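Structural characterization, general
Each chain, written out:
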Amino acid sequence: MRHVDFNNRIAIYAGSFDPPTYGHLNIIKRISQLFDKIIIAVATNKKKKYLFNIKERLNLIHLCCLQLTNIEIHVCDKALVDFALNKKAKILIRSLRNISDFTYELQMATINKKLSQQLETFFLASDTDCSYISSSMVKELLFLDQDISKFIPNEILDIVINKK
């Protein structure tokens, strides 16, 4: 059995955060109470088309997390495994909204474990009041001129609405 060093309680929560939602923030707040330091890795993916550029996404997540003291926010422009090892983190946090998320995330966790035995992936189920929220859904509602205030933090609402 492998031993995870819990003296090094650094966890990484990665995502596109395009834009951050109440679902993201719910996970971030919950894990910030469980680990000494949370590194939010704002991912870049050349295959994805983003509404917000990387600087904007960094700013959005920063605005959402101002009240949390144990959060660092960084760009992740390489493999998550390499990013985590570079940051001396041993734990990857993945959130689950539904069974489809679980299937995908389990596959990724297995691949990450094959790439680095030092990393453990922790799955955290979304709270039911935000388990249906996704950034993609928020963007779709935004472009359909619907009210998105129930899905994204107030700190970024005007920025997101004005991006349209």
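Our subject in this report is the structure included herewith. (Residues numbered from 1 in each chain as written. Predicted model: local features only at pLDDT ≥ 70, side-chain atom pairs only at ≥ 80, totals over all residues. Heavy atoms only, no water.)

1. Some remarks on unusual backbone geometry
Along the chain, Asp18 connects to Pro19 via a cis peptide bond; the corresponding omega equals 0°. Relative to the assigned elements, Pro19 resides in the loop between β1 (10-15) and α1 (22-32). Phi at Phe17 is positive, roughly 50°, even though this residue is not glycine. Examined against the element boundaries, Phe17 turns out to sit in the loop between β1 and α1. With a relative accessible area of 1%, Phe17 lands in the buried category. In this model, Asp145 sits at a positive phi of 60°, which is unusual for a non-glycine residue. (Helix = DSSP H or I, 4+ residues; strand = E, 2+ residues; numbered from the N terminus. Buried < 20%, exposed > 50% of the residue type's maximum accessible area, 1.4 Å probe, protein only.)

2. Some details on α1
Every α-helical turn comprises 3.6 residues, leaving residues that sit three or four positions apart pointing alike. Extensive coverage of α1 is indicated by the burial of eight of its 11 residues. By the burial criterion, the buried members of α1 are Gly23, His24, Leu25, Asn26, Ile27, Ile28, Ile31 and Ser32. For α1, the N-terminal cap is Thr21; the gap from its side-chain oxygen to the backbone nitrogen of Gly23 is 3.1 Å. (Polar contact = N/O pair within 3.5 Å; in protein donor to acceptor, adjacent residues only side chain to side chain.)

3. Here we look at the nonpolar core
Across soluble globular proteins, nonpolar side chains have a tendency to be buried as a group. Ile28, Ile31, Ile40, Cys65, Ile93 and Ile148 are the most contacted members of the largest nonpolar core, which totals 33 residues. Counting only elements with at least two residues in this core, the list comes to β1, α1, β2 (37-43), α2 (54-64), β4 (91-96), α5 (135-143) and α6 (154-163). Considering each element in turn, this core owes the most residues, four residues, to α1. When near neighbours in sequence (up to four residues on either side) are disregarded, Cys65 contacts Leu25, Ile28, Ile40 and Ile71. Among the nonpolar cores identified, the runner-up in size contains 13 residues, and Ile12, Ala14, Cys76 and Ala89 belong to it. (Core = buried A, V, L, I, M, F, W, Y, C linked by side-chain atoms within 4.5 Å. Contact = heavy atoms within 4.5 Å.)

4. Observations concerning the packing of α2 against α6
With their axes 8 Å apart at the nearest point, α2 and α6 run at an angle of 155° to one another. Viewed along their axes, α2 and α6 adopt a mutual orientation that is roughly antiparallel. Of the two possible hands of crossing, α2 and α6 adopt the one that is left-handed. Contact residues: α2 offers Glu56, Asn59, Leu60, Leu63 and Cys64, while α6 offers Glu155, Ile156, Ile159 and Lys163. Classifying every residue of the contact of α2 with α6 by side-chain character gives five nonpolar, one polar and three charged. (Axes fitted to C-alpha atoms, helices over the stretch in contact; angles between N-to-C directions. Parallel < 35°, antiparallel > 145°, perpendicular 65-115°, else oblique. Left-handed = near helix turned anticlockwise from the far one by under 90°. Nonpolar A, V, L, I, M, F, W, Y, C, P; charged D, E, K, R; others polar.)

5. As for the environment of Ile71
Along the chain, Ile71 turns up in strand β3 (residues 71-76). Not counting chain neighbours up to four residues away, the residues in contact with Ile71 comprise Ile28, Ser32, Ile38, Ile40 and Cys65.

6. Digging into the packing of aromatic side chains
Applying the stated criterion across every chain, the model contains four aromatic pairs. The positively charged end of Arg57 is found above the aromatic ring belonging to Tyr50, 3.8 Å away from the centroid. (Phe/Tyr/Trp six-rings, centres within 6.5 Å; stacked < 30°, edge-to-face > 60°. Lys NZ or Arg CZ within 6 Å of the ring centre and 35° of its normal.)

7. Concerning the sheet that holds β4
The five strands are arranged β3-β2-β1-β4-β5 in an open sheet whose pairing can be described as parallel. This sheet does not close on itself; its edge strands, each paired only once, are β3 and β5 (120-125). The sheet shows a mean angle of 30° between the axes of neighbouring strands, direction not considered. Running over the sheet, α1 touches β1, β2, β3, β4 and β5 and is turned about 120° from β5. (Pairing = 2+ DSSP bridges.)

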